[in-house]
Amino acid sequence: YQRRVRGRNSKHTTIRNTGTLDHFMSDSGVLNLQKKDPFNDIDDTGTIIGNNAQYVHIRVVQRNAKKRITTCEGLPEKLNFDKVLKALRKQLCCNGCLLQDKDLGTVIQLQGDHRQEVFNFLSETEIVKSEMIKIHGIM
């Protein structure tokens, strides 16, 4: 592998040998040539949790300059959403509502940025295991 180098104050270019291309072309260093799916997650035991796993996603959406909305989606359908919403509203001192979505199911929507508090509530009340909850956004 050769590289053309031009000196700082020189008008001439020189050719230098910098090694071979084997270092740059090895298959082991390229991530997208491996057979591992980057969208699968691995749990503590090393088994792959695929797309079939039911994650609970907690997100925050900024409405305007200062107002934010926290959404919680992917909760189990056997859950009594009215009781969960009432407990969250009472504990967090905020308003909220339930949204029905054909793709996501029932979504809990709360006023304000309460991502960490919703995570703590869901894991402490054992509604969902803490490793099955994903918090999105910068904390």
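Data block above holds the structure.
Cut-offs and rules
- Residues numbered from 1 in each chain as written.
- Predicted model: local features only at pLDDT ≥ 70, side-chain atom pairs only at ≥ 80, totals over all residues.
- Heavy atoms only, no water.
- Helix = DSSP H or I, 4+ residues; strand = E, 2+ residues; numbered from the N terminus.
- Buried < 20%, exposed > 50% of the residue type's maximum accessible area, 1.4 Å probe, protein only.
- Contact = heavy atoms within 4.5 Å.
- Polar contact = N/O pair within 3.5 Å; in protein donor to acceptor, adjacent residues only side chain to side chain.

### Some details on the overall build of the protein chain
Stage number 1. Each helix and strand in the protein chain was counted, giving two helices and nine strands.
Stage number 2. Shown N-terminal to C-terminal, the secondary structure of the protein chain runs as helices and strands in the order β-β-β-β-β-β-α-β-β-α-β.
Stage number 3. Every one of the 139 residues in the protein chain was classed for burial, and the buried ones make up 25%.
Stage number 4. Across the protein chain, the fraction of contacts at a sequence separation of at least 24, relative to all contacts at a separation of at least 6, is 40%.

### Some words on the side chain of Thr106
Stage number 1. Relative to the helices and strands, Thr106 resides in strand E8 (residues 105-111).
Stage number 2. On the basis of relative accessibility, which here comes to 6%, the residue Thr106 falls in the buried class.
Stage number 3. One polar contact links Thr106 to Gln100, side chain to side chain, over a distance of 3.2 Å.

### Looking at the side chain of Arg115
Stage number 1. Mapped onto the fold, Arg115 is located in helix H2 (residues 115-124).
Stage number 2. The exposure class of Arg115 is buried, given its relative accessible area of 4%.
Stage number 3. Here the side chain of Arg115 touches Asp113 through a polar contact of 3.0 Å, side chain to side chain.

Bear in mind that shape data such as this cannot, by itself, settle questions of function.
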